[in-house]
Amino acid sequence: SAGTTTDSTWAGPLVQYQNMASEFIEYLYPQTIIGRIPGLVRVPFKIKVPRQTGAATVGWVGEGKPAPLTSLAFDSVTLDQLKLAGIIPITLELARLADPSAEMLVRESLANAIVKLMDNDFIDPDKAASANVSPASLTYGVTPITPTGTDYDHLKADLKSCLQAFFDANIPLGGTVMLMREAQALAMSLMETDIGNRRFPNLTMAGGEAFGLPVVTSENIPHTEGSPQEGDPIIFISATDVMLADDGEVTIDASTEASLQMNTAPDDPVTASTVMVSMFQQGMVAIRAERMVNWVKRRSAAVQFIKAAKYA
């Protein structure tokens, strides 16, 4: 007989996964760096935004002398519809008998994978753009500041050097957010003055505030290993100069009819030697999560960072 949404042994179990979509984004979003940065500029997909890359110049002109000509330079940034996706196959027995545990297992696994990849690609200095696939990270191509030391005075000096790029580009610091790993936030929160007062009373491992700027912490910020470059980056983002296109939901699909290559890096394109597994024949259901998201800096100086910091 045809599968129905009320049949508990045929197609009914598949419908349960559709219900995840409405709650999935609410569960996922607060875990990501993107979800915790206030002030990001929300824009739709498929837009092209012009931006100025060169400023006009003027000069002093004597009486009767010709005034110099000047010009501007522009380019444009686009936000195409890019996506993150992943598939988890489970057996039908697990889907039917383990409910609601199976749903929680799938949700946790997909959420963790999406959070890790989004956070990494959002701020990893080595993440370049892949045409029509993924955006470059906000720190890609940015020249970092090398720490001058590890104590509070060095932190202040390095902070000033890092933020100088914002001043030079006339970017106000009002919408700037600091990103760092929990260990670095903890080390800074323990800094004290000569009389034992905390230098950052509003900072904890979970974030807070430092130097008047909001702090967001995440363990997905890449750690640099190996002496002498071992340490954690501290990233400064002018949120109002970062455009984010996000459809605000994760699409959840389930199928028992699909055939999958059971591989974390499937063949593209499929070849004659590609081994496919039938979900129907193996008694399995494939659950796919897909999220449309993209980001771009409106101005190249909108993100700066200190590399391999070990302030304590």
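Everything quoted here is computed from the prediction, not taken from an experiment.

1. Some details on the overall build of the chain
Link 1 in the chain: Counting secondary structure elements, the chain contains 8 helices and 14 strands.
Link 2 in the chain: Per-residue burial over the chain gives 39% buried out of 312 residues.
Link 3 in the chain: Intrachain contacts of the chain at a sequence separation of at least 6 include 75% that bridge at least 24 residues.
Link 4 in the chain: On the chain, roughly 16,900 Å² of surface is accessible, and the fraction owed to carbon and sulfur atoms is 54%.

2. Quick notes on the confidence of the model for the chain
Should the pLDDT be low somewhere, the predicted coordinates at that spot are not to be read in detail.
Link 1 in the chain: Of all residues in the chain, 84% attain a pLDDT of 70 or more, and the chain-wide mean is 82.
Link 2 in the chain: Considering each helix and strand of the chain separately, the mean pLDDT is smallest for helix α1 (residues 12-18), with a value of 51, and largest for strand β6 (residues 203-204), with 95.
Link 3 in the chain: Confidence drops under a pLDDT of 50 for residues 16-22, and excluding neighbours within four residues, the segment shows 19 contacts in the predicted structure.

3. Some details on a nonpolar patch on the surface
Link 1 in the chain: On the surface, Leu186, Leu190 and Met205 cluster together into a nonpolar patch covering about 280 Å² of accessible area.
Link 2 in the chain: Tracing the chain through its elements places leucine 186 in helix α7 (residues 182-189).
Link 3 in the chain: Residue leucine 186 is classed as partly exposed on the basis of its relative accessible area of 34%.

4. Observations regarding the side chain of serine 137
Link 1 in the chain: Within the element layout of this structure, serine 137 appears in the loop between α5 (101-123) and α6 (152-168).
Link 2 in the chain: Residue serine 137 is classed as buried on the basis of its relative accessible area of 4%.

5. As for α7
Link 1 in the chain: All buried positions along α7 are accounted for by Gln184, Ala185, Met188 and Ser189. Projected down its long axis, α7 shows its buried positions confined to an angular sector of 135 degrees, all on one face.

6. Observations concerning the pairing of strand β7 (residues 207-210)
Link 1 in the chain: As defined by bridge partners, β6 adjoins β7 across 2 bridges and the pair is classed as antiparallel. The residue bridging leucine 203 from the neighbouring strand is glycine 208, located in β7.
Link 2 in the chain: Pairing of β7 with strand β8 (residues 213-217) involves 3 bridges; the strand directions are antiparallel. Pairing of glutamate 209 across the sheet is with proline 214, part of β8.
Link 3 in the chain: Hairpin remark: β7 followed by β8, antiparallel, with 2 residues in the connecting loop; positive phi at phenylalanine 211, about 55 degrees.

7. Comments concerning the sheet that holds β8
Link 1 in the chain: Reading across from one edge, β6-β7-β8-β5-β9-β14 is the order of the 6 strands in this open sheet, with mixed pairing throughout. The outermost strands of the open sheet, each flanked by one partner alone, are β6 and β14 (303-309).
Link 2 in the chain: Set on the sheet, α6 makes contact with β5 (176-180), β9 (232-238) and β14; between it and β14 the angle comes to about 155 degrees.

8. Topic: the packing of aromatic side chains
Link 1 in the chain: Under the defined criterion, the tally for this structure stands at 4 aromatic pairs.
Link 2 in the chain: Relative to phenylalanine 211, the ring of tyrosine 152 lies with its centre 6.4 Å away and its plane at 10 degrees, an arrangement referred to as stacked. You can see tyrosine 152 sitting in helix α6 and its partner phenylalanine 211 sitting in the loop between β7 and β8, a full 59 residues away along the chain.
Link 3 in the chain: A relative accessible area of 18% places tyrosine 152 in the buried class.
Link 4 in the chain: Judged by its relative accessible area of 32%, phenylalanine 211 is partly exposed.
Link 5 in the chain: Three or more aromatic residues link up through ring pairs in this structure, and these residues are Tyr152, Phe200 and Phe211.

9. Examining unusual backbone geometry
Link 1 in the chain: Geometrically, the link from aspartate 268 to proline 269 is a cis peptide bond, its omega value of 5 degrees lying close to zero.
Link 2 in the chain: Mapped onto the fold, proline 269 is located in the loop between β11 (259-260) and β12 (277-278).
Link 3 in the chain: Despite not being glycine, asparagine 132 has its phi angle at roughly 65 degrees, a positive value.
Link 4 in the chain: Of note in this structure, asparagine 170 is not a glycine but carries a positive phi near 55 degrees.
Link 5 in the chain: Turning to its location among the elements, asparagine 170 is positioned in the loop between α6 and β5.

10. Here's the deal with the nonpolar core
Link 1 in the chain: With 35 residues, the main nonpolar core has Ile37, Phe122, Ile123, Leu179 and Ile237 as its most contacted residues.
Link 2 in the chain: Considering every element that reaches this core, the biggest residue donor is α5, with 6 residues.
Link 3 in the chain: Non-local contacts of isoleucine 123, meaning those with residues more than four positions away in its chain, are made with Ile33, Ser137, Thr139, Leu179, Asn220, Ile221, Pro222, Ile235 and Ile237.
Link 4 in the chain: If you look at the next biggest cluster of nonpolar residues, it comprises 24 residues, including Ala185, Ile306, Ala309 and Tyr311.

11. What about the side chain of threonine 256?
Link 1 in the chain: Mapped onto the fold, threonine 256 is located in the loop between β10 (242-255) and β11.
Link 2 in the chain: A polar contact is formed between the side chain of threonine 256 and the side chain of glutamate 257, at a distance of 3.3 Å.

What counts, and at which threshold
Residues numbered from 1 in each chain as written. Predicted model: local features only at pLDDT ≥ 70, side-chain atom pairs only at ≥ 80, totals over all residues. Heavy atoms only, no water. Helix = DSSP H or I, 4+ residues; strand = E, 2+ residues; numbered from the N terminus. Buried < 20%, exposed > 50% of the residue type's maximum accessible area, 1.4 Å probe, protein only. Contact = heavy atoms within 4.5 Å. Areas by Shrake-Rupley, 256 points an atom, 1.4 Å probe, with all protein chains shown as cover. pLDDT = per-residue confidence, 0-100. Patch = residues over 30% accessible without salt bridge, like charges linked within 9 Å, V, L, I, M, F, W, Y side chains within 5 Å. Salt bridge = Lys/Arg side-chain N within 4 Å of Asp/Glu carboxyl O. Arc of directions from axis to C-beta. Pairing = 2+ DSSP bridges. Axes fitted to C-alpha atoms, helices over the stretch in contact; angles between N-to-C directions. Phe/Tyr/Trp six-rings, centres within 6.5 Å; stacked < 30°, edge-to-face > 60°. Core = buried A, V, L, I, M, F, W, Y, C linked by side-chain atoms within 4.5 Å. Polar contact = N/O pair within 3.5 Å; in protein donor to acceptor, adjacent residues only side chain to side chain.

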